[in-house]
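Residue-level listing of the chains:
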Amino acid sequence: MTNVNELLKEKLTAENYDRLMAVDNTRIHEFVADAIELTGPETVFVCTDSEEDVKRVRKMAVESGEERPLETPGHTYHFDGPSDQGRDRQATKYLVPETETLSKALNQMERKEGLAEVRGLLKDSMKGRAMILRFLSLGPAGSVFSVPCVQATDSWYVAHNEDLLYRTAYEQFCKIEKDKNVFCFLHSAGELSEDMISVDVKNKRIYMDYTRDTVYSVNTQYGGNTMGLKKLALRLTIRQADAEGWLAEHMFISGVYGPGGRKTYLAGAFPSACGKTSTAMLPGETILGDDIAYFRKINGEFRAVNAEAGIFGIIQNVKEKDDPMIWDILHNPGEVIFGNILVKDKKPYWLGMGEETPDDGVNFSGQWHKGKKDANEKEIPLAHKNARYTVTLTALANCDPELENPVGVPLSGVMYGGRDPKASVPVQQAFDWAHGIVSYGASLETETTFAIIGEEGVMEINLMSIQDFLAIPLARYIRNNIDFVQGIDRPPLVFGVNYFLRDKEGKFTNDVPDKHVWVKWMELRIHGDVGAITCPTGQIPRYEDLVPLFKEVFDKEYTKEDYVKQFTIRVPENLAKIERVEKYHRENVPGSPQEVYDTLEATQKRLNEAREKYGDYISPFDLAE
Ligand code: OXD
Ligand code: MN
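Keep in mind that this is a model prediction, so the values were computed, not measured. (Residues numbered from 1 in each chain as written. Chains lettered and ligands numbered in written order. Predicted model: local features only at pLDDT ≥ 70, side-chain atom pairs only at ≥ 80, totals over all residues. Heavy atoms only, no water.)

Chemist: Before we go on, may I ask you to explain the sheet that holds strand β12 (residues 247-249) in this structure?
Modeler: If you walk across this open sheet you meet the four strands as β12-β16-β17-β25, and the pairing is antiparallel. The open sheet is flanked by β12 and β25 (409-410), the only strands paired with a single partner. Both strand β16 (residues 293-298) and strand β17 (residues 301-306) contribute to a ladder of six bridges, which runs antiparallel. Of the residues in β17, the one forming a bridge with K297 is F302. In the packing of helix α9 (residues 228-244) onto the sheet, contacts are made with β12 and β16, and the angle to β12 comes to roughly 155 degrees. (Pairing = 2+ DSSP bridges. Helix = DSSP H or I, 4+ residues; strand = E, 2+ residues; numbered from the N terminus. Contact = heavy atoms within 4.5 Å. Axes fitted to C-alpha atoms, helices over the stretch in contact; angles between N-to-C directions.)

What follows is the structure, given as structure tokens:
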């Protein structure tokens, strides 16, 4: 590269140059100079935290045509192309140096080859466009949890989203040490159509050069592939956390109220589109985060922060009745970015909104009408299932007041949940931390969903719901989790949840809102206010404890019949699952901790013993005796 400083001086206006130089950090200057030289933007906008700069990003997102205004003031919408509607596992790869190996379950390629490929695609990709530079923080800015990040993008839409989703941190960057490492993200939407859609999606690439903490993303616009601080950063953060002895998790955090108004913080990991955001947003409780959490041990306590400050949420099935808080925000003036919804007469519509929707309009497929088919003769829905909204957390009336606490909140419970139609009961508590990490986290089996491009409904193992983002050996990640609570006086209780259990006829055994009762039950368990029934896979609620909770939360009579249907231990299904999990670890998780095999074997033994005594399907009342 030509001299970094000379290049920056030549390519940036004096004002932008001064802004960049105020951030006196070698790594950042080198990254920006390289990005400019590679992508050849016409201009470079160094965005500070000033109101004026933030307003400019918002305005340019509309002026560029990437977003369009809706009727409600502050609301805009954006479309990604038809083949760019979710995270793309095929196109997302770790760049691994020849001398290293990553678990074979992770998508990867040789680093030099990958760099040549992705940098080839990025070459001159910003010709005639502006490069926007954003200085942001993961975790509260200026705290022990903060991870400084720089985003370079040619998309005002990406820059705008990041404004709502992350903490702006230009001020902190102006105080950064010269040799401090930061995460750097370079994104270009690539060639765009008249409608401002990436056209070269077959050349979509999201490549992670973890050796340099740099991620390249090109020919894509979907937020999960482009906003560096979301899942791209999570991959790098997991490596950093591993090196430094803390944890970065794919988890929500919320404050749950118990008797006497006490508040208990719980976190939970679910694969995308499996109920994570809705659990984080239960009416009457507080939300601190809905997607990514950092955990650190501070003075012997298990403390947690939200890496983010906003929500990039799935809008499908957001209804006035079930989600009053978010519904309110989506219907009142304020900053909201909608993605991949249907628009008619400047109003947004989505699947499962519980209201009448029009028969035509504009959606991700262009002009849309009911019955419109795609190239494969498949009917195009009115909006994509993975359509999204972006809002700041502080816009929510129940945003937790501790969001910016630099030492986070004390965490008392952790839950793991997947889409498991056959085996797991709706809620159970682990015998201890390690048992929970293994049995509910490292054994998490789930059906694939629309949030990832590919076939839906295929059962797969998704370790702790974070497998897509693991950039360290899987075994090491499990070990880090098991060991993390060493030195913590009262580790959080661990729970396994499953909102998707089905009966013999294929019907869900639970209603969608039931999760609220499970969470309230966890809160009571944490404080030792209720007992539980010990069963082969964990501890399950007693009927008599759930009855008052259903009454209190929904004013509903909870029947014994429902309880038995939901909490019957299905021995053959659980044994079959254990076999699959064990096989998976043997084949894909070399060096998986011995605790994994021992725990699975012990559960197997308990299941077999129980089967001998009670048969294949064991009523919780039998075990309660
Ligand atoms: C998300 C995801 O958007 O995990 O949070 O896909
Ligand atoms: Mn997620």
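Chemist: Would you mind showing me how to read the side chain of D84 here?
Modeler: You can see D84 is positioned in the loop between β3 (75-78) and β4 (92-96). Here T220 takes part through its side chain, which lies 2.8 Å from a polar atom of the side chain of D84. Reaching out from D84, the side chain makes a polar contact with the backbone nitrogen of Y222 at a distance of 3.5 Å. Filtering out sequence-adjacent residues up to four positions away, D84 remains in contact with V201, K204, T220, Q221, Y222 and N225. (Polar contact = N/O pair within 3.5 Å; in protein donor to acceptor, adjacent residues only side chain to side chain.)

Chemist: Looking at this structure, how should I read the pairing of strand β23 (residues 366-369)?
Modeler: As judged from the four bridges shared by strand β22 (residues 360-363) and β23, these two strands associate in the antiparallel manner. Looking across to β23, one finds that D360 is bridged to H369. Taking the residues between adjacent antiparallel strands as the criterion, β22 and β23 are bridged by two residues.

Chemist: Just checking my understanding: could you explain the sheet that holds strand β2 (residues 68-69) for this structure?
Modeler: Sheets are built from strands paired through backbone hydrogen bonds, the pairs being either parallel or antiparallel. Within the open sheet, the five strands sit side by side as β2-β3-β19-β24-β18. Their pairing is mixed. The open sheet is flanked by β2 and β18 (310-314), the only strands paired with a single partner. Pairing geometry for β3 and strand β19 (residues 336-339), over four bridges, is parallel. Looking at β19, one finds that H75 is bridged to V336.

Chemist: Help me understand unusual backbone geometry, please; the structure alone is not making it clear to me.
Modeler: Apart from glycine, the bulk of residues carry a negative phi angle, and the bulk of peptide bonds sit in the trans form. A positive phi angle, near 60 degrees, is found at D124, a position not held by glycine. Structurally, the position occupied by D124 is in the loop between α5 (111-122) and β6 (130-138).

Chemist: Help me out: how do you make sense of the packing of aromatic side chains in this one?
Modeler: How two aromatic rings sit relative to each other is set out by the distance from centre to centre and by the angle between their planes. Scanning all chains against the criterion turns up 26 aromatic pairs. Relative to Y294, the ring of W246 lies with its centre 5.1 Å away and its plane at 65 degrees, an arrangement referred to as edge-to-face. Taken together, the residues span a long stretch of sequence, with W246 in the loop between α9 and β12 and Y294 in strand β16 at a distance of 48 residues. Judged by centre distance (6.3 Å) and plane angle (35 degrees), the rings of F252 and F270 are tilted. Of the two residues, F252 sits in strand β13 (residues 251-257) while F270 sits in the loop between β14 (263-269) and α10 (276-280), which places them 18 residues apart along the sequence. Like F270, F252 is buried. (Phe/Tyr/Trp six-rings, centres within 6.5 Å; stacked < 30°, edge-to-face > 60°. Buried < 20%, exposed > 50% of the residue type's maximum accessible area, 1.4 Å probe, protein only.)

Chemist: Sorry if this is basic, but what is going on with the pairing of β16 here?
Modeler: Regular strands place their side chains on alternate faces of the sheet. Within β16, five of the six residues are buried, which leaves it mostly tucked inside the rest of the structure. For β12 and β16, the ladder comprises three bridges, and the chain directions are antiparallel. The residue bridging A248 from the neighbouring strand is Y294, located in β16. Between β16 and β17, which pair antiparallel one after the other, the connecting turn spans two residues, and N299 there sits at a positive phi close to 50 degrees.

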